[in-house]
Amino acid sequence: PPMTGISASAAKERAALFAELAATRNDVEARAVEEKLWTFWRGFADETSQHLLDVSKEAQLSFDYGHALIALEELVKHQPRFAEGWNQLAYVLFLAGSYDASLAAIDRTLALEPMHYAALAGRGIILIQQGKEAEAQAPLKRALAINPWLKERNLIVKDPGRKT
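Caption draft 1: Layout of the packing of aromatic side chains. The full count for this structure, using the stated rule, is six aromatic pairs. Taken together, a centroid distance of 5.3 Å and an interplanar angle of 80° make the contact between tryptophan 38 and tryptophan 41 edge-to-face. One end of the pair, tryptophan 38, and the other, tryptophan 41, are both in helix H2 (residues 27–42), three residues apart, so they sit about a helical turn from each other. Comparing tryptophan 38 with tryptophan 41, the two get one shared label, buried. Centre to centre, the rings of phenylalanine 40 and phenylalanine 44 are 5.1 Å apart; their planes meet at 90°, and the pair counts as edge-to-face. By relative accessible area, which is 28% here, phenylalanine 44 ends up partly exposed. Feature note: the residues Phe18, Trp38, Trp41 and Tyr117 constitute an aromatic cluster, connected by ring pairs.

Caption draft 2: Here's a closer look at the layout of surface pockets. If you add up the space inside the largest pocket, you get close to 680 Å³. Along its surface, the largest pocket is lined by 28 residues, and Trp38, Asn87, Gln88, Tyr91 and Ala118 are the ones closest to its centre. When residues of the lining of the largest pocket are traced back to their parent elements, those giving at least two are H2, helix H3 (47–61), helix H5 (83–95), helix H6 (99–112) and helix H7 (117–129). Here the lining of the largest pocket gets seven residues from one element, more than from any other, and that element is H7. Of the residues in the lining of the largest pocket, the class split is 13 nonpolar, six polar and nine charged.

Caption draft 3: Layout of the nonpolar core. Phe18, Trp41, Leu89 and Tyr117 are the most contacted members of the largest nonpolar core, which has 48 residues in total. At the level of elements, helix H1 (8–22), H2, H3, helix H4 (65–78), H5, H6, H7 and helix H8 (133–146) are the ones that each hand at least two residues to this core. Broken down by element, the residue count for this core peaks at seven residues, all from H4. If near-sequence neighbours (up to four positions away) are discounted, phenylalanine 18 is found in contact with Leu37, Trp41, Glu113, Met115, Tyr117 and Ile146.

Caption draft 4: The arrangement of the environment of arginine 14 in detail. Inspection of the secondary structure assignment puts arginine 14 in helix H1. Using a relative accessible area of 7% as the deciding quantity, one classes arginine 14 as buried. On a C-alpha basis, the gap between arginine 14 and glycine 122 in space is 21 Å, while along the polypeptide they are 108 residues apart. In this view, arginine 14 contacts Pro1, Pro2, Met3, Ile6, Phe40, Glu113, Pro114 and Met115; residues no more than four positions away in its chain are not counted.

Caption draft 5: Region of interest: the packing of H6 against H7. The interhelical angle for the contact between H6 and H7, taken along N-to-C directions, is 155°, at an axis separation of 10 Å. If you check the angle between H6 and H7, you find them roughly antiparallel. H7 is crossed by H6, and the crossing has left-handed handedness. Mapping the contact onto sequence places Tyr99, Ser102, Leu103, Ile106, Asp107, Thr109 and Leu110 in H6 and Ala119, Leu120, Gly122, Arg123, Ile126 and Gln129 in H7. In the contact of H6 with H7, the residues fall into seven nonpolar, four polar and two charged.

So, how was this worked out
Residues numbered from 1 in each chain as written. Predicted model: local features only at pLDDT ≥ 70, side-chain atom pairs only at ≥ 80, totals over all residues. Heavy atoms only, no water. Phe/Tyr/Trp six-rings, centres within 6.5 Å; stacked < 30°, edge-to-face > 60°. Helix = DSSP H or I, 4+ residues; strand = E, 2+ residues; numbered from the N terminus. Buried < 20%, exposed > 50% of the residue type's maximum accessible area, 1.4 Å probe, protein only. 1 Å grid on protein atoms, 1.4 Å probe; cavity = no way out; pocket = protein on both sides within 12 Å on 5 of 7 lines; lining within 4 Å. Points joined across faces, edges and corners; volume = space filled by probe spheres on them. Nonpolar A, V, L, I, M, F, W, Y, C, P; charged D, E, K, R; others polar. Core = buried A, V, L, I, M, F, W, Y, C linked by side-chain atoms within 4.5 Å. Contact = heavy atoms within 4.5 Å. Axes fitted to C-alpha atoms, helices over the stretch in contact; angles between N-to-C directions. Parallel < 35°, antiparallel > 145°, perpendicular 65-115°, else oblique. Left-handed = near helix turned anticlockwise from the far one by under 90°.

Structural measurements only, silent on function.
Given below as structure tokens:
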């Protein structure tokens with residue numbers, strides 16, 4: 001599925017990055033392509049959004065999730081179509097233990113960037129934390145289909161009745 005509201009050239013770059021990720025043969029190659037994807041996703045931040053991301057990252061380094069959340073909430077109000085802003089908000093809400101709010105921010109992330117494997121993995125992790133292991137499998141498997149070297153791939157439960 002396409003990322004909403006991006007130019008044709010950005011859509012082409014995005015497709016090439018996901019094709020490159022799908023073709024990786026090991027963790028090392030995958031991490032290199034993941035870095036390119038993170039750079040691509042962060043590249044949609046305007047100057048104000050980038051400043052707010054930086055403020056949030058700085059606050060996170062000192063475990064000051066309150067200030068990190070203030071910056072990220074301001075960011076998504078300022079640039080509501082910036083998928084990575086929503087993803088970062090979801091991440092900090094998760095760190096702060098606000099799982100339901102994090103899931104809502106993940107929904108916004110995925111509405112803007114359906115291939116955001118980290119947001120999908122985050123949804124799976126939160127559902128596991130909430131005791132919903134079975135429900136967690138679908139987003140984790142979807143994330144693994146996008147990124148075959150997903151760090152969270154060990155959280156996927158193999159179907160006991162199937163030969164793999």
